[in-house]
Amino acid sequence: MNRKSSDTPIEKTTLIGKRVRKPDAPDKATGKTRYINDMVLPQMLIGKILHAGRPHAEIVSIDVSAAEKLPGVHCVLTGKDAEGLRFGFVRDNVALKNRVRCEHDEIAAVAAETEEIADRAMALITVEYRDLPGVFTPEDGREKDAPQIHDDFPDNKSLHFEFRHGDLAAAEAASEIIVDNVFRVHHVTHCCMGTSCAIADFDSNGKLTIWSQTQYPYNYKMDLAPALGMHPGDIRVMQPPVGGAFGSKLDVYPYEPIAALLAKKTGRPVKVMFSREEEFRSSPTRQPAVIHMRTGCTRNGTLTFRSADVLLDNGAYTSWGPTIPVVMMRTTTGHYRVPVVHFNAQAIYTNNPYAGSFRGYGNVQTTYATAQQMDMLAEQLDMDPIDFHLKNAQQSGETTPQQAFLRECALDECLRTAAQASDYSAKHRRYTLAREQQGRYKKGIGLASSIHNAGGAKIHKSDGCGTILKVDDYARVTVITGASEIGQGIDAVINLIVAEELGIPLEHVTIVNDDSDIAPWDVGVHASRTTFIAGNGARRAAVKARQQILNAAARMTEIAAQDLDLRGGFVVREDCGTKVIKLEKLLRRMHFQPEPELVMVTDYYEPNSEPEGADHRSDHSAAYSHAVHVAEITVDTHTGEIRVDRITSAQDVGRVINRMGLEGQIEGGIAIGLGYALSEEMQLEKGMLKNPCFRDYKVLTAPEMPELDLHFIESNCAEGPYGAKGASELPTIVIAPAIANAVYNATGIRFFNPPLTPEKVARAIWDRQQTETGPSADR
Amino acid sequence: MSLKTEISFRLNGRAVSVTIPVTMKTLTMLREVLGMTGTKYACGEGECGACTIRLDGRTVNSCLMYAVDCDGRELVTIEGLKTENALHPMQQSFVDHGAIQCGFCMPGMIMQADYLAQNNPELSCEDLRRGLEGNVCRCTGYTKVLDAVTAVVEARR
Ligand code: FES
Ligand code: FES
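Residues numbered from 1 in each chain as written. Chains lettered and ligands numbered in written order. Predicted model: local features only at pLDDT ≥ 70, side-chain atom pairs only at ≥ 80, totals over all residues. Heavy atoms only, no water.

## Considering the overall build of chain A
Phase 1 of the analysis: Within chain A, the secondary structure is distributed over 20 helices and 30 strands.
Phase 2 of the analysis: Compactness check: chain A gives a C-alpha radius of gyration of 28 Å against a globular reference of 28 Å for 779 residues, within 12% of the reference.
Phase 3 of the analysis: Seen through its C-alpha atoms, chain A measures out along the principal axes to roughly 95 × 75 × 50 Å.
Phase 4 of the analysis: Out of the 779 residues belonging to chain A, those deemed buried represent 65%.
Phase 5 of the analysis: Summarising the internal contacts of chain A: among those between residues at least 6 apart in sequence, 80% fall at separations of at least 24.
Phase 6 of the analysis: For chain A, the distance from the average site of its 85 positive side-chain charges to the average site of its 101 negative ones is 3 Å. (Helix = DSSP H or I, 4+ residues; strand = E, 2+ residues; numbered from the N terminus. Rg over C-alpha atoms; globule rule 2.2 N^0.38 Å. Buried < 20%, exposed > 50% of the residue type's maximum accessible area, 1.4 Å probe, protein only. Contact = heavy atoms within 4.5 Å. Lys, Arg positive; Asp, Glu negative; His and termini not counted. Charge placed at Lys NZ, Arg CZ, Asp CG, Glu CD.)

## Side note on the overall build of chain B
Phase 1 of the analysis: Looking only at helices and strands, one finds 5 helices and 5 strands in chain B.
Phase 2 of the analysis: Listing each helix as α and each strand as β along chain B from the N terminus yields β-β-α-β-β-β-α-α-α-α.
Phase 3 of the analysis: For chain B, the C-alpha radius of gyration of 16 Å lies close to 15 Å, the compact-globule estimate for 157 residues.
Phase 4 of the analysis: Each principal axis of the C-alpha atoms in chain B carries an extent, and together these give about 50 × 30 × 25 Å.
Phase 5 of the analysis: Out of the 157 residues in chain B, the part that is buried amounts to 56%.
Phase 6 of the analysis: Working note: accessible area of chain B is about 6400 Å², and carbon and sulfur atoms make up 47% of it. (Areas by Shrake-Rupley, 256 points an atom, 1.4 Å probe, with all protein chains shown as cover.)

## A short note on the pattern of salt bridges
Phase 1 of the analysis: Summed over the entire model, instances satisfying the criterion amount to 58 salt bridges over all chains.
Phase 2 of the analysis: In this structure, E606 of chain A engages K458 of chain A in a salt bridge whose closest nitrogen and oxygen atoms are separated by 3.1 Å. Taken as a pair, E606 of chain A in the loop between β25 (599-605) and β26 (624-636) and K458 of chain A in the loop between β18 (441-453) and β19 (465-471) lie far apart in primary sequence, 148 residues in all.
Phase 3 of the analysis: For D114 of chain B, the salt bridge goes to R54 of chain B, with nearest N and O atoms at 3.3 Å. Placement of the pair is D114 of chain B in helix α3 (residues 106-119) and R54 of chain B in strand β3 (residues 52-55), with a sequence separation of 60 residues. (Salt bridge = Lys/Arg side-chain N within 4 Å of Asp/Glu carboxyl O.)

## Some thoughts on the domain arrangement of chain B
Residues and elements named next belong to chain B.
Phase 1 of the analysis: Taken as a whole, chain B is organised into domain 1 (4-80) and domain 2 (89-156).
Phase 2 of the analysis: Using C-alpha coordinates to define each centre, domain 1 is positioned 22 Å away from domain 2.
Phase 3 of the analysis: At the junction of the two partners, domain 1 supplies 17 residues and domain 2 supplies 14 residues.
Phase 4 of the analysis: Looking at the side of domain 1 facing domain 2, the largest losses of area belong to R54, T59 and I78, adding up to 43% of the total buried there.
Phase 5 of the analysis: Our count for the domain 1 to domain 2 interface comes out at 1 salt bridge.
Phase 6 of the analysis: Counting every contact that joins domain 1 to domain 2 gives 7 residue pairs in polar contact (both at pLDDT 80 or more).
Phase 7 of the analysis: Of all the secondary-structure elements, those providing two or more residues to the side of domain 1 that touches domain 2 are β3 and β4 (58-61).
Phase 8 of the analysis: By residue number, the principal contributor to the side of domain 1 that touches domain 2 is β3, which donates 3 residues. (Domains from an automatic or database assignment. Buried area = accessible area lost by both parts, 1.4 Å probe. Polar contact = N/O pair within 3.5 Å; in protein donor to acceptor, adjacent residues only side chain to side chain.)

## What about unusual backbone geometry?
Negative phi characterises most residues that are not glycine, and trans characterises most peptide bonds.
Residue and element names in this part refer to chain A.
Phase 1 of the analysis: Residues P754 and P755 are joined by a peptide bond in cis, for which omega reads 0 degrees.
Phase 2 of the analysis: Considering the arrangement of structural elements, one finds P755 in the loop between α19 (730-747) and α20 (758-773).
Phase 3 of the analysis: Residue Y722 is not a glycine yet carries a positive backbone phi of 60 degrees.
Phase 4 of the analysis: Residue placement: Y722 occurs in the loop between β30 (707-713) and α19.
Phase 5 of the analysis: A relative accessible area of 11% means that Y722 is categorised as buried.

## Some words on the nonpolar core
Phase 1 of the analysis: The biggest cluster of nonpolar side chains holds 195 residues, and the ones touching the most others in it are L208 and I739 of chain A together with F94 of chain B.
Phase 2 of the analysis: In terms of residues, this core owes the most to one element, α19 of chain A, which gives 11 residues.
Phase 3 of the analysis: Look past the residues within four positions of L208 of chain A in its chain and what remains in contact with it is A200, D201, F202, L224, L228, M230, D234, I235, R236 and A260 of chain A.
Phase 4 of the analysis: Core analysis: the next-biggest nonpolar cluster, separate from the first, contains 53 residues, I16, A475, A553 and A724 of chain A among them. (Core = buried A, V, L, I, M, F, W, Y, C linked by side-chain atoms within 4.5 Å.)

## Remarks on the pairing of strand β2 (residues 57-63) of chain A
Phase 1 of the analysis: Pairing of β2 of chain A with strand β4 (residues 99-100) of chain A involves 2 bridges; the strand directions are antiparallel. Residue pairing for β4 of chain A: A57 of chain A is matched across the bridge by V100 of chain A. (Pairing = 2+ DSSP bridges.)

## Side note on the interface of chain B and chain A
Where the parts come together, the accessible area they lose is often given as the size of the interface.
Phase 1 of the analysis: Contact with chain B, which involves 43 residues of that partner, is made by 54 residues of chain A.
Phase 2 of the analysis: Counting the surface lost from both chain B and chain A, the interface buries some 3900 Å², and carbon and sulfur atoms represent 58% of this.
Phase 3 of the analysis: Here chain B and chain A share 7 salt bridges between them.
Phase 4 of the analysis: We note a salt bridge from E667 of chain A to K144 of chain B, for which the minimum N-O separation is 3.1 Å.

## Things to note about the environment of T137 of chain A
All names here are of chain A.
Phase 1 of the analysis: Tracing the backbone through its elements, the reader meets T137 in the loop between β6 (126-131) and α5 (138-142).
Phase 2 of the analysis: Distance from T137 to K686, taken between C-alpha atoms, is 9.1 Å for residues 549 residues apart in sequence.
Phase 3 of the analysis: At 3.0 Å, the side chain of T137 forms a polar contact with the backbone nitrogen of D140.

## Side note on the domain arrangement of chain A
All names here are of chain A.
Phase 1 of the analysis: Domain boundaries assigned for chain A yield domain 1 (25-30 + 464-605), domain 2 (45-132 + 203-245 + 249-273) and domain 3 (289-457 + 613-771).
Phase 2 of the analysis: Between the C-alpha centres of domain 1 and domain 3 the distance comes to 39 Å.
Phase 3 of the analysis: Across the contact, 18 residues belong to domain 1 and 22 residues belong to domain 3.
Phase 4 of the analysis: Taken together, both faces of the contact between domain 1 and domain 3 bury some 1400 Å²; the carbon and sulfur share is 60%.
Phase 5 of the analysis: For domain 1, the biggest contributors to the area lost against domain 3 are A527, S528 and F532; these three give 42% of the whole.
Phase 6 of the analysis: At the boundary of domain 1 and domain 3, one finds 0 salt bridges.
Phase 7 of the analysis: Where domain 1 touches domain 3, the interface holds 6 residue pairs in polar contact (both at pLDDT 80 or more).
Phase 8 of the analysis: Of all the secondary-structure elements, those providing two or more residues to the side of domain 1 that touches domain 3 are α15 (490-502) and α16 (530-557).

## Structural notes on the packing of helix α11 (residues 363-381) of chain A against helix α12 (residues 385-392) of chain A
All names here are of chain A.
Phase 1 of the analysis: Remark: α11 packs on α12, axes separated minimally by 9 Å, with the N-to-C direction vectors making an angle of 115 degrees. The orientation of α11 with respect to α12, classified from their angle, is roughly perpendicular. Seen along the crossing, α11 lies across α12 with a hand that is right-handed. Together, M374, D375, L377, A378 and L381 of α11 and P385, F388 and H389 of α12 make up the contact between the two elements.
Phase 2 of the analysis: Across the contact of α11 with α12, the residue classes break down as 6 nonpolar, 1 polar and 1 charged. (Axes fitted to C-alpha atoms, helices over the stretch in contact; angles between N-to-C directions. Parallel < 35°, antiparallel > 145°, perpendicular 65-115°, else oblique. Left-handed = near helix turned anticlockwise from the far one by under 90°. Nonpolar A, V, L, I, M, F, W, Y, C, P; charged D, E, K, R; others polar.)

## Considering the environment of L415 of chain A
Phase 1 of the analysis: When you line up the elements, L415 of chain A lands in helix α13 (residues 411-422).
Phase 2 of the analysis: Separated by 311 residues in the primary sequence, L415 of chain A and G726 of chain A have C-alpha atoms spaced 19 Å apart.

## A word on the pairing of strand β9 (residues 197-202) of chain A
All names here are of chain A.
Phase 1 of the analysis: The buried fraction of β9 is high, at 5 of 6 residues.
Phase 2 of the analysis: Inspection of the sheet shows β9 paired to strand β12 (residues 270-273) by 4 bridges, in the antiparallel sense. Within β12, the residue paired with A200 across the bridge is V270.
Phase 3 of the analysis: For β9 and strand β10 (residues 208-211), the ladder comprises 4 bridges, and the chain directions are antiparallel. Looking at β10, one finds that I199 is bridged to W211.

This is the structure we're talking about:
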């Protein structure tokens, strides 16, 4: 009827850089989303785990007979049911233990009809332990007569990493200034709002289906299989929506094989879900470390060398935590132009809880050291820190000692942008002078930067992602991707990319990525890789589909394919936007013609990066990026409280894809980093966690969130989708040293051991006053 | 086995009667007895706000409240905010502002935000931040949450 409007040409527009909503947000806002924690299956039993509650012990005896007899209990498992089923990075773990190596060690498990019955059954299990002396610091673990934690890891030695580049002695001799400090970074944990949960069920052919929170479904099968004595091919991984992950679901943890062992034994689906206290005690931590770092420079402010000697508290078992030196090394060698670098890291088994991967993965810890040492050197040089940073900042085309090739490097621009937007230099000078003056409240400003992989990280043989894309007769598109959605928003990114290429509404794209029997291979959500890798995959698949569609349109209309475009659900003329045919009509014609064709394409994208390799000399990511944070704070010198007033962030994101999602990642990343810097700490006393609740483990809440000023630097990465780079970890990485540098600017005190709690800050200020004014000042 | 009792109350505008153990918490009743899983468990100790619901117009942590205390009262959960055809303006604002990532904290966050916005037409930025202090979110850094609530408050002025 309305002929005119249907004849209106469709202009070329782009979705890239626009603000796009997450497709799952409405269901999440209305409580409709069924998280794994909400799931109930017919006949499902509840599984519960008995944790040791002591850090190091032998099990003298265990008696489960009373528990087994309790009505409603279907089975009780102990260490003997998992004997020999070793799993983990170095095969040092089993699902159920015959010996206790850390507080949360899993000693027995129950499957019962209700949670209440399972709890009562647990109380009926009697275990006699013989406590053993424990090891609670890596330093103690190294001692000659230290208690041994694993028989097959002598001297408590876990993983070791080393990298050497250049002549360290010569570089030290050539250095006019050297800073030399020991940083001790602490245990924190992910605090996913949805507690850990797994549901396992075996079919009668022996195939396991596991509903899991995993963020790496394909390697997950490989890692879970040995814990069950199964072939990975017999495991199907389902990924319902999860309440956060942040790296904590990048490995297999004992509760998952336990759910499966219980399911196998009972023949029923079994759900294991942690209480919050269990979550604090038994889920992985961020890797704690002792970092002895030295950095040198010449009088004119040119960096000469950096060395790092790192001791890692491995905890009782080896998950991803002790592998973080792979990234620590990259920062040590790549954070500014350092010609000579030595890096050495040793992980030592202790009876503490053990670390997994956590957003920022080793770089949080290392940057806490490197970025503070940059600040210290600038002060000793009497140079404006920003000038010192700029002087040593790498440029596009440079290669780091580990052979990371910085193709598009925007560090310079990040530094200038953040400094200018925050008026960094002037404030830094002003607050330094004000430090000496009287007054309870001191202002400070601190700048920190870092580098991180932004195009995946080839730590496995492959860093690829598979994509299957189909367009149906109604021009609705289904994208089956290996990439997992864990709240971070890859769903919105893929929607946007596919809608961009196929000229269809965002709502017409559906993503399927929750079933390992359907979705193709992907390494997992880690290393800030998903937008880059899965985004490239989605784009390449969409381009193939687009080409097929345009070719078909060309055949039918006799207009050359290159003169056609897809816009607003139509095939249009590229030059003027005049409609040629409605897309869904074309698709039906393609389908129902004498030689029918369907639009179904596949793509496997493997980035052009090199494997990490044993010598750690490789271009292991398809892109690298930098971020600079400037933190402005106020310190109450009486109470030690730090108020963060404002964060200015400038980050090389390559190119903005979904602006709203990107902002969310940066804001959320900063919040996690702020908690690390200021308040979060697992208080461990001889391996026992003293604060397993939100009351005593303080995560950031709304009143503490500072004002944010975010700047996206677009370096247009040649390999990235539309130029984009990965972005989600840098905000967590850079914030803590920016805060520490700001606290120094405000108070003149360096903090080597985060978090900077009021107690710690007040004590340091008080101690300094004592030494400055007290009778023992010159002792 | 613990003692059971029958209680009656209104849930999202409908009359409900259930028989529950006297020791059961409201959160457990909602999730496990009534299948209303929109309200979340994230700590069970009143420290995170994920379980926030409305009880006679005020917000409460349903994990702390015994279910028997619901007898004769009016409950609204996250499922009760939207109408048949549209999200509640607060829900819509959270969606539009990108305030939702994993979303696990959001049922509680939205219930609390709606309560604050409804009861304080002059809600200041500081009031809002303090009013949301009991709602932990690990994903978003709260910035977009604050934007979403502020937009609703401003639209109502
Ligand atoms: S679950 Fe009720 S406050 Fe956390
Ligand atoms: S959106 Fe994930 S905890 Fe708030």
